[in-house]
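Working through the structure, step by step
Here is what each chain is made of, one letter per residue.
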Amino acid sequence: MSQPRALVIGGSLSGLFTANLLRTIGWHVEVFERANNDLAGRGAGLGAQADLFVAMQRIGIQIDRSIWTEVRSHICLDQNGKSICEVPVREVTTAWDRVYRALRQAFSDEHYHGGMTLTRCEQNERRVVAVFANDARAEADLLVGADGMRSTVRRQFMPEIAPRYVGYVAWRGVVEEGQIPLRWRSQTFHDMVFCLAPGELAFSIPMAAYDNVGRARRCMFVWFRPAEYASSLRQWCTDATGHCHGDSIPPPLIREEVLTELKLAARTLLAPQLAVLVACAREPILSAIFDLEVPRLTFGRVALVGDAAFVARPHVGTAVTKAAQDAQALAAALVGAEGNIEAALASYENSRKQAGSELVARGRRLGAHLEPKQPDNDTLGERARPPIDILLREYGPGNIANWPFGD
Ligand SMILES: Cc1cc2nc3c(=O)[nH]c(=O)nc-3n(C[C@H](O)[C@H](O)[C@H](O)COP(=O)(O)OP(=O)(O)OC[C@H]3O[C@@H](n4cnc5c(N)ncnc54)[C@H](O)[C@@H]3O)c2cc1C
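Okay, so let's go over this structure.

Rules used in this analysis
Residues numbered from 1 in each chain as written. Predicted model: local features only at pLDDT ≥ 70, side-chain atom pairs only at ≥ 80, totals over all residues. Heavy atoms only, no water. Helix = DSSP H or I, 4+ residues; strand = E, 2+ residues; numbered from the N terminus. Rg over C-alpha atoms; globule rule 2.2 N^0.38 Å. Buried < 20%, exposed > 50% of the residue type's maximum accessible area, 1.4 Å probe, protein only. Areas by Shrake-Rupley, 256 points an atom, 1.4 Å probe, with all protein chains shown as cover. Lys, Arg positive; Asp, Glu negative; His and termini not counted. Charge placed at Lys NZ, Arg CZ, Asp CG, Glu CD. Pairing = 2+ DSSP bridges. Near = heavy atom within 4 Å. Polar contact = N/O pair within 3.5 Å; in protein donor to acceptor, adjacent residues only side chain to side chain. Nonpolar A, V, L, I, M, F, W, Y, C, P; charged D, E, K, R; others polar. Contact = heavy atoms within 4.5 Å. Axes fitted to C-alpha atoms, helices over the stretch in contact; angles between N-to-C directions. Parallel < 35°, antiparallel > 145°, perpendicular 65-115°, else oblique. Left-handed = near helix turned anticlockwise from the far one by under 90°. Salt bridge = Lys/Arg side-chain N within 4 Å of Asp/Glu carboxyl O. Core = buried A, V, L, I, M, F, W, Y, C linked by side-chain atoms within 4.5 Å.

Observations concerning the overall build of the protein
Looking only at helices and strands, one finds 11 helices and 17 strands in the protein. For 407 residues, the compact-globule estimate of 2.2 N^0.38 gives 22 Å, and the C-alpha radius of gyration of the protein, at 21 Å, lies within 12% of that figure. In terms of overall dimensions, the protein has a C-alpha envelope of 65 × 50 × 40 Å along the principal axes. In the protein, which comprises 407 residues, the proportion classed as buried is 55%. As displayed, the protein has an accessible area near 17900 Å², and 48% of this comes from carbon and sulfur atoms. Averaged over its 45 positive side-chain charges, the protein has a centre that lies 2 Å from the centre of its 46 negative ones.

Digging into the sheet that holds strand β10 (residues 142–145)
Spatial strand order, β6-β2-β1-β10-β17-β16: six strands in an open sheet with mixed pairing. The open sheet has two edge strands, β6 (112–113) and β16 (298–299), and neither has a second partner. Judged from the four bridges that link them, strand β1 (residues 5–9) and β10 form a sheet pairing that is parallel. Looking at β10, one finds that A6 is bridged to L142.

Quick look at the site of the ligand
With respect to spatial proximity, 30 residues lie near the ligand, and among them S12, S14, E33, D307 and V320 are the closest. Between the ligand and the protein, one listed contact pairs a nitrogen atom with a backbone N or O atom of L118 at 2.9 Å. A distance of 3.1 Å separates a nitrogen atom of the ligand from a polar atom in the side chain of T152. A total of 1000 Å² of accessible area belongs to the ligand in isolation, and the protein chains cover 87% of it. At the level of secondary structure, the elements contributing two or more residues to the shell around the ligand comprise α1 (13–24), β3 (45–48), β11 (164–176) and α9 (319–336). Taken together, the residues that form the shell around the ligand break down as 13 nonpolar, 11 polar and six charged.

Concerning the environment of L103
The topology assignment puts L103 in helix α3 (residues 96–106). Of the residues examined, L103 reaches a relative accessible area of 0% and is grouped as buried. L103 sits 199 residues away from V302 along the chain, and the two C-alpha atoms are 23 Å apart. Ignoring any residue separated from it by four or fewer positions in sequence, one finds L103 in contact with L13, L16, F17, N20, M56, I59 and I61.

Brief notes about the packing of α1 against helix α2 (residues 50–59)
For the pair α1 and α2, the least separation of the axes is 9 Å and the interaxial angle reads 45°. By the criterion of interaxial angle, the relationship of α1 to α2 is oblique. In the crossing of α1 with α2, the sense of the turn from one axis to the other is left-handed. Between α1, through F17, N20, L21, R23 and T24, and α2, the contact on the second element is made entirely by L52, A55, M56, R58 and I59.

Examining the pairing of β11
Where β11 and strand β15 (residues 285–291) come together, six bridges link them in antiparallel fashion. Among the inter-strand pairings, R172 is bridged to a residue of β15, identified as I285. Here β11 pairs with strand β14 (residues 218–226) via nine bridges, running antiparallel. Directly across from V175, in β14, lies its bridge partner C219.

Details of the pattern of salt bridges
On inspection of all chains with the given rule, the structure shows 20 salt bridges. With its nearest N and O atoms 3.8 Å apart, the salt bridge here joins R364 to E293. Of this pair, R364 sits in helix α10 (residues 341–367) while E293 sits in the loop between β15 and β16, and the two are 71 residues apart along the sequence. Through salt bridges with shared partners, one network takes in R164, D291, E293, R313, R364 and E371.

Digging into the nonpolar core
Core analysis: the biggest nonpolar cluster contains 121 residues, and F17, F53, M56, W171 and W223 have the highest contact counts within it. Looking at this core, the element that brings in the most residues is α9, giving eight residues. When residues no more than four places from it in sequence are discounted, the contact partners of W223 are V169, A170, W171, E200, L201, A202, L262, A265, A266, L269, L270 and V278. Counting 26 residues, the second largest nonpolar core, distinct from the first, contains A44, V89, Y168 and M207.

Description of the side chain of E91
Assignment of secondary structure puts E91 in strand β5 (residues 83–95). Comment: no salt bridge for buried E91; closest opposite-charge side chain is R362, at 6.9 Å. At 2.8 Å, the side chain of E91 forms a polar contact with the side chain of H74. For E91, the residues in contact, after removing those within four places along its chain, are T69, E70, V71, H74, M192, Y395, G396, P397, G398 and I400.

Structural data, given as structure tokens:
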């Protein structure tokens, strides 16, 4: 039997997990990524669960101690920086760039095609064909849509499904250890530190160092702030030339006055331990927050993985782990069905649909109190915030039990 072939659309984390894992089960895989450049500069810190690193190990990546950091408690500070609630946890974080670089290095350059934008796919009972913006075509047994929240693949099969903006954004930024006053470092690098303001929530987490050769520690802040789609969000996404980039904007193009305003607001609203991170972060990232959930994950010889199918609000801290689990489930289903792609994709959809829906629901629950009041719908009005200890307990990727990678 000839080697089965897969086309993976999207070369970010979901795409790379899928491509690498399909390769380990004997598939020939080609990855097509719209961006021409290396994506490593894009990410910040990540909540993680063991499955993320288990999938990396399965690919052949060595998990050394520097790729994860441990969080020992969730602490909430008041606006003066005084602790008002503390909940012990045992949680793990990592960093987007560490995971991305390891996955990218594990996959051969020869089969990774940057600057290739999928426009549509065509299929019959025997083959699937990807058609690109430059008129190139590629053919295979299976096509995997790992092309993110605005997935072209999903849109072709379910044009009626679109991400729903939830009324708030996340500002994020990475800060090096040396920028943080000595008196706050221990807490910043061992705990997840929260501060709440009406309708807003900010936190910091430690993140894995840039590499394993002794670079300084890093941490990141995340700050959820309300923003009306048509006004504040569009203004923040408008660059210095007056061009509005839609509902996102490359970090270097965010206007200086928007950042000055953000730092000023941080000084007024947040505990000083968090305000200092907002003040020091180089090129903060602005992300509008969306919910997305699909009723189906597969269409003939086509499957969706990662954010192309489900986008959970970042409060859950496990979307990348979910991407790894999707890829792992797809590979397992293909092995189990012994070449019967239809049966494999049915089994994949069966195993991952509920997990995706549950994660989206959990993110919605954790973020409901941040949604702005809807004047035309009382039932969707500003939700009461759960008691702080409950919020702290439920927030993030969850406690690790039986951690398989040592201390
Ligand atoms: C504010 C924020 C905080 C987050 N925090 C966490 C966290 O703490 N923990 C966690 O686990 N997750 C977190 N996430 C989520 C996480 O970043 C994603 O879930 C994860 O990266 C999986 O993404 P993906 O690979 O499916 O999609 P993406 O990363 O969006 O990648 C899709 C890729 O497809 C490419 N592409 C798109 N269209 C095409 C096309 N037509 N042709 C070819 N290529 C195309 C894009 O260029 C892109 O590289 C956070 C997300 C946000 C917004």
